[in-house]
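Chain residues, written in single-letter form:
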Amino acid sequence: MANYQVLPPITKSRPLITETVLPPKDPVLHGGLVQNFTIDPNLKQSHEMDHDTYNALPVPRAPVNVKGRQMILKPNPNRLSLSSDESALNKQIVATHTLGYEDFDVKPVLAIVEDIFRLTKPLTTTDHSIAPIQGNQVQHHFDTKEDKAYQSSTLDDKRYHIPTLDDNAYDSSYRDLDIVKALALPINKICSEIVCKCAAGAEAHSVTMDFLKTLSNYSWDAKVVIVFAAFAINYGEFWLVVQHQTKDPLAKNIASLKDLPETMQQSTDLRKKFESVFKLLSTALKVTHCLIEFKELPSQYISYESEEMAAATAHIPSAVYWIIRSLLACASLLLNLTASGHEYLTSNSESWDILNMAYKLSVMLDHLQKQLKICKDLIERKRGEDAYIAFKKLMEAVHIDNMKVFRAMFRAREDQKPLFHGYKKTNEKLEVLRSKHVLLLITDLNIPHEELNILHLIYNQHPTRQEYEVLWLPIVESSTSMASFQDTDFHNLRNLMPWHSVEQPSLIEPVAIRYIREVWNFVHRPMIVVLDPQAKLSNIDALPMMWIWGSNGFPFTKQREMALWAESTWNLELLADAIDPRFTDWMRDNKFICLYGGEDIEWIRRFAQSTRAAANTLSIQLEMLYVGKSNPKEKVRRCHEVIERENISQTFSRDNYNDDIWFFWTRLMSMLNSKKQLGTSLESDAVMQEILNMLTFDGSEMGWAVFSRGNNEMTKGKNQVLLDVMNNHTQWTPRIENAEMFVRILDEELRGVRTEHHCNRLILPGHAGYITERIICSECGKTMDQYVMYRCCTD
């Protein structure tokens, strides 16, 4: 036997017949009324949601007969179980649907429906899910956080956005659209049938099925919207009379004939009556929006036969059925209130029915929203893939200028100013990049201060800067919603840069970020990608060129890089000229120069003492400069302080020593990477061999030194060999006939020392780039063994 709702004839003492499955309040204690179920044994079983939680709710223990103001509970021998057959019901619903249905854009009609609900909001409620009326300002019905989250959930794509009551799109112009006029006839027909069948006491399931058959030629979402609009007419007319009966004689006379309660005197009772209605209508509208969104999903990205869509659309007919049935319950409530006046205000049981319907629809809504999110995520992935492919083709295409590429790279209209000029502190349009060489500085928000400081110096030191623009592109994990600390880091870094940067990281298109990661292979280390005036890639990473030659590397192409190497030889100018301005003066005066490093302060003291003694013996002017080690830690800092305090030699400026030491070793590593990227052979390139020798020195804990006469001949040594040669300078200095022979004779002495054993190490950082499989030892010429080293050095 089934439990179907029967819509009874309207009487003053007999309100709505309910489908209550929630336990009613105790009638004596709470004054609630529970209606009598009228059961037709020939009716089919009712079809409730097949959810354990829902089915677990208890049923009323017995119906209540109403006799005056007294309520007498009687046992119910025909108590029904809530067993469901959702599949059978779904088949009945689907059978009413015509495949060749008419498809309309029903959002304009739904807009009017929602506007009616908004304008008829009658009372201040205690339920926080329903916004109150404040003064003369009518608040929207459905403006809770949950409702807003629903409206903006899944995709943030405006192409899928269903307008809410807050949208300007929902205005009075909708009433003039052709679709509104075209659906006016079926809407008014259903409106009349709702009144007639509810008044006649028709059974809810039968009425719902009749409406579905009547609307068989419409799409599922159109069926719902038509019935919603029909209900909204009755709903709006009801509240139009209620709201104006105290000030409009016509409304007052109509309210008297309808026996409507006076709202101002009985607002508390009326509020309780309609809180449940508002909840149900809110949920039904959300489900309706879901149905419309499913229909508007682009077929080019998701097929209606796909597994994701099938899992969702299987529940749409059932959702349509229960929305219509819920609207019938609300309509019956309005008609009973119209007929029963103040006496009906004390009735409470139909609120349980309405809440029960709201719960049923909310379960459906949860499922549909989850499936909608799955579908939209799939669409986003496919759309993102298409956008990425289009962006790749754009980057590979030939252009007249670079504007098309940069407009695709940033989220900005033509009249917007997405760039920030660090020196001028002003926003600028993309036009400032037109037909220029653009150096894209790509980093995350963890830029080493040493790199930023040196880049700043290079940027300001050369006149050719006007021929190109530097643009900082910060790549963050979530460029659309940075955390507050990330936002602070971004602005702090941006304010340190004199060149251009994006106004916000979120302006960088996701496809551009993906391209930077996948094609340009950005991971963490800063890189400079060079685009020519036509946006053609000139250099995928010009940072090594920038470190080695500064702005002299312009336009930073591979051809320019090869030309610069062809002009270079191994000398002090290549090794250290860009590090400190003192080198320029020393080389111009053809002074003897000694660069040395290490972190053993005792070795440094002995080496400096013996070297000074040799220079004094020869009466030559020797300039010594300490360059430490790569990645200078506490030991290097202490050595620097001791050298400066004891006046052992010259050092870098105390304020900039960390930057200068970092730059010295970074240039050497950049030279090695530049040579390898150009395919230079180690065996045939003397400069590359010298670079490797210097990097091998840095891998030792002991000291080392390089000697040069101005920018001419050079020699080098390390560890105990170098110290022994300098300690024994009295044995070889007599061979020096004039001062200019110092470096050549010293080189002969160092080469003449052969140690029985040696252990040279070349330590390359993990971000060093391409590492050749074969490295030759600079001392014995054998191939060095290759190891992987993990180091955590706290110094």
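Note that this is a predicted model, so its numbers are computed, not measured.

Here is what the cut-offs are and how they apply
- Residues numbered from 1 in each chain as written.
- Predicted model: local features only at pLDDT ≥ 70, side-chain atom pairs only at ≥ 80, totals over all residues.
- Heavy atoms only, no water.
- Pairing = 2+ DSSP bridges.
- Helix = DSSP H or I, 4+ residues; strand = E, 2+ residues; numbered from the N terminus.
- Axes fitted to C-alpha atoms, helices over the stretch in contact; angles between N-to-C directions.
- Parallel < 35°, antiparallel > 145°, perpendicular 65-115°, else oblique.
- Left-handed = near helix turned anticlockwise from the far one by under 90°.
- Contact = heavy atoms within 4.5 Å.
- Nonpolar A, V, L, I, M, F, W, Y, C, P; charged D, E, K, R; others polar.
- Core = buried A, V, L, I, M, F, W, Y, C linked by side-chain atoms within 4.5 Å.
- Buried < 20%, exposed > 50% of the residue type's maximum accessible area, 1.4 Å probe, protein only.
- Phe/Tyr/Trp six-rings, centres within 6.5 Å; stacked < 30°, edge-to-face > 60°.
- Disulfide = S-S within 2.5 Å.
- pLDDT = per-residue confidence, 0-100.

Focus on the sheet that holds strand β4 (residues 426–428)
- Read from one edge of the open sheet, seven strands run β4-β3-β7-β6-β5-β8-β9, paired in mixed fashion. Each having just a single partner strand, β4 and β9 (537–539) make up the two edges of the open sheet. Neighbouring strand axes in the sheet, compared pairwise and without regard to direction, differ in orientation by 35° on average.
- One ladder, built from three bridges, connects strand β3 (residues 419–421) with β4; its direction is antiparallel. Among the inter-strand pairings, H421 is bridged to a residue of β4, identified as T426.

Digging into the sheet that holds strand β10 (residues 592–597)
- With respect to topology, four strands assemble into an open sheet ordered β11-β10-β12-β13, the strand pairing being mixed. Each edge of the open sheet carries a strand with a single partner, namely β11 (622–626) and β13 (714–718). This sheet shows a mean twist of 15° between the axes of neighbouring strands, independent of strand direction.
- As paired strands, strand β12 (residues 704–709) and β13 are joined by five bridges and run antiparallel to one another.

Notes on the packing of helix α20 (residues 558–566) against helix α25 (residues 657–677)
- Closest axis-to-axis distance for the α20/α25 pair is 11 Å, and the angle between their directions is 115°. Judged on the interaxial angle alone, α25 and α20 are roughly perpendicular. In this structure, α20 meets α25 at a crossing whose hand is left-handed. Of α25, the residues touching α20 (which contributes K558, E561 and W565) are M671, S674, K675 and Q677.
- In terms of residue class, the contact of α20 with α25 is made up of two nonpolar, two polar and three charged.

Thoughts on the nonpolar core
- Of all hydrophobic cores here, the largest spans 99 residues; its most connected members are L575, F583, Y596, F607, F664, L668 and F742.
- No other element matches the 10 residues that α25 contributes to this core.
- Once residues within four sequence positions are removed from consideration, Y596 is found in contact with I604, F607, M624, L625, Y626, V627, G628, I643, I648, S649, W704 and A705.
- F117, V287, Y301 and W322 belong to the second-largest nonpolar core, a separate cluster that totals 83 residues.

Comments concerning the pairing of strand β6 (residues 468–474)
- Burial analysis of β6 places seven of its seven residues in the buried class, which makes it a mostly covered element.
- Side chains Y468, V470, W472 and P474 project from β6 onto one buried face, and the interleaved E469, L471 and L473 project onto a second face that is buried too.
- Relative to β6, strand β5 (residues 437–443) runs parallel, the two being bridged by seven bridges. Within the sheet, the bridge partner assigned to T443 lies in β6 and is P474.

Points about the environment of Y388
- One can find Y388 in helix α14 (residues 349–396).
- Among the residues examined, Y388 registers a relative accessible area of 4% and is labelled buried.
- Put simply, Y388 and R514 are 126 residues apart on the chain and 7.8 Å apart in space, counted from C-alpha to C-alpha.
- Ignoring sequence-local partners within four residues, the contact set of Y388 consists of V511, R514, Y515, E518 and V519.

With respect to the side chain of T443
- Mapped onto the elements, T443 comes out in strand β5.
- Overall, T443 belongs to the buried group, its relative accessible area being 1%.
- Leave out the neighbours within four places in its chain, and T443 touches W472, L473, P474, I475, F522 and P526.

Re the packing of aromatic side chains
- Within this structure, the stated rule accounts for 30 aromatic pairs.
- Arranged with centres 6.1 Å apart and planes meeting at 85°, the rings of F554 and F556 form a pair that is edge-to-face.
- For F556, a relative accessible area of 0% corresponds to the buried category.
- An aromatic cluster of at least three residues, connected via ring pairs, comprises F592, Y596, W603, F607, Y626, F707, W732 and F742.

Here's the deal with the state of the cysteines
- Summed over the entire model, instances satisfying the criterion amount to zero disulfides.
- In this structure C191 is a free cysteine whose sulfur lies 9.5 Å from that of C196, the closest cysteine sulfur available.
- Of the residues examined, C191 reaches a relative accessible area of 8% and is grouped as buried.

A closer look at the confidence of the model for the protein chain
- Per-residue confidence for the protein chain averages 76 on the pLDDT scale, and 72% of its residues sit at or above 70.
- Low pLDDT, under 50, characterises residues 1–83; the predicted model gives this stretch 189 contacts beyond four residues in sequence or across chains.

Some thoughts on the packing of helix α3 (residues 86–95) against helix α8 (residues 204–214)
- Put simply, α3 and α8 touch, their axes get as near as 9 Å, and they point 40° apart. Contact residues: L89, Q92 and I93 in α3; H205, M209 and L212 in α8.

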